[in-house]
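So the chains spell out like this:
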Amino acid sequence: VQLMESGGGLVQAGGSLRLSCTASGNIDSIKTMGWYRHTPGKERELVAAISSNGNAYYPDSVKGRFTISRDANKSSLYLQINSLKPGDTATYYCAASSRLIIILTTVDYWGQGTQVTVSS
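An account of the accompanying structure is given in this report. (Residues numbered from 1 in each chain as written. Predicted model: local features only at pLDDT ≥ 70, side-chain atom pairs only at ≥ 80, totals over all residues. Heavy atoms only, no water.)

**Re the pattern of salt bridges**
Pairing is possible between side chains of opposite charge, provided their charged atoms come close. As a reminder of what qualifies: Each salt bridge in this description consists of a side-chain nitrogen of Lys or Arg and a carboxyl oxygen of Asp or Glu lying within 4 Å of one another.
For the structure shown, the criterion picks out 5 salt bridges. The residue Lys 63 makes a salt bridge to Asp 60 at a minimum N-O spacing of 3.2 Å. Arg 99 is the salt-bridge partner of Asp 108, the closest N and O atoms lying 3.1 Å from each other. One salt-bridge network, in which partners are shared between bridges, spans Arg 37, Glu 45, Arg 65 and Asp 88.

Structure, rendered in structure tokens:
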């Protein structure tokens, strides 16, 4: 499985972005997908996840501002980010797992990352 993100960029605080991830290869093996973000010096952080039946998970830190969605055929994953804050500045990674939960240790595939920079 190959994952390719797009949609990052430089935005002002309060703005919105929509990140996209295109999956190719043996996508039938994917059960759960998610978005992680990473800033230097910090651990990679899960910001949204979605199961094969469409159930979504968000940590409290982004709940209400981030929305994850995916196409029914699992070939595309999206992350809508609203009310962006400078603290959202990070490299955002698309991730996929063949397991029912997606945590750092169960991620089978990673995208190359897309940079999101939020100016104050």
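**A short note on the packing of aromatic side chains**
Rules: Ring geometry is summarised as follows: Phe, Tyr and Trp rings, the Trp one being its six-membered ring, pair when their centres sit within 6.5 Å, and such pairs are stacked at plane angles under 30 degrees, edge-to-face over 60 and tilted between the two. Under the DSSP-based scheme used, a helix requires at least four consecutive residues in state H or I and a strand at least two consecutive residues in state E, with every element numbered from the N terminus. Exposure categories follow from relative accessible area, calculated using a 1.4 Å probe and restricted to protein chains: below 20% of the type maximum is buried, above 50% is exposed, and the middle band is partly exposed.
Going through the model one piece at a time under the given rule, you end up with 2 aromatic pairs. Aromatic pair Tyr 36 and Trp 110: ring centres 5.1 Å apart, planes at 65°, arrangement edge-to-face. Taken together, the residues Tyr 36 in strand E4 (residues 32–38) and Trp 110 in strand E10 (residues 109–110) connect sequence positions 74 residues apart. The buried category is assigned to Tyr 36, whose relative accessible area is 2%. Look at Tyr 93 and Trp 110: their rings are 6.3 Å apart centre to centre, the planes differ by 85°, and that puts the pair in the edge-to-face class. With Tyr 93 in strand E9 (residues 90–97) and Trp 110 in strand E10, the pair connects residues that are 17 residues apart, well separated along the chain. What makes Trp 110 partly exposed here is its relative accessible area of 32%. In this structure an aromatic cluster arises from ring pairing among Tyr 36, Tyr 93 and Trp 110.

**Some points on the environment of Cys 21**
Along the chain, Cys 21 falls in strand E3 (residues 17–24). Taking the relative accessible area as the measure of exposure, Cys 21 reaches 1% and is therefore buried. C-alpha of Cys 21 to C-alpha of Tyr 78: the two residues are 57 residues apart in sequence and 6.2 Å apart in space.

**Description of the nonpolar core**
To keep it simple, the criterion reads: Here, nonpolar core refers to any group of buried Ala, Val, Leu, Ile, Met, Phe, Trp, Tyr and Cys residues whose side-chain atoms link them within 4.5 Å. Contacts were defined at the residue level, with two residues in contact if any of their heavy atoms lie within 4.5 Å.
Counting 28 residues, the largest nonpolar core has Trp 35, Leu 79 and Tyr 92 as the members making the most contacts within it. Elements with a contribution of two residues or more to this core: E3, E4, strand E5 (45–50), strand E7 (66–70), strand E8 (76–81), E9 and strand E11 (114–119). Residue contacts for Tyr 92: discarding those within four places in its chain leaves Glu 5, Leu 19, Trp 35, Tyr 36, Arg 37, Val 47, Phe 66, Leu 79, Ile 81, Gly 113, Thr 114 and Val 116. Tyr 36, Ala 49, Ile 102 and Val 107 belong to the second largest nonpolar core, which has 6 residues in total.

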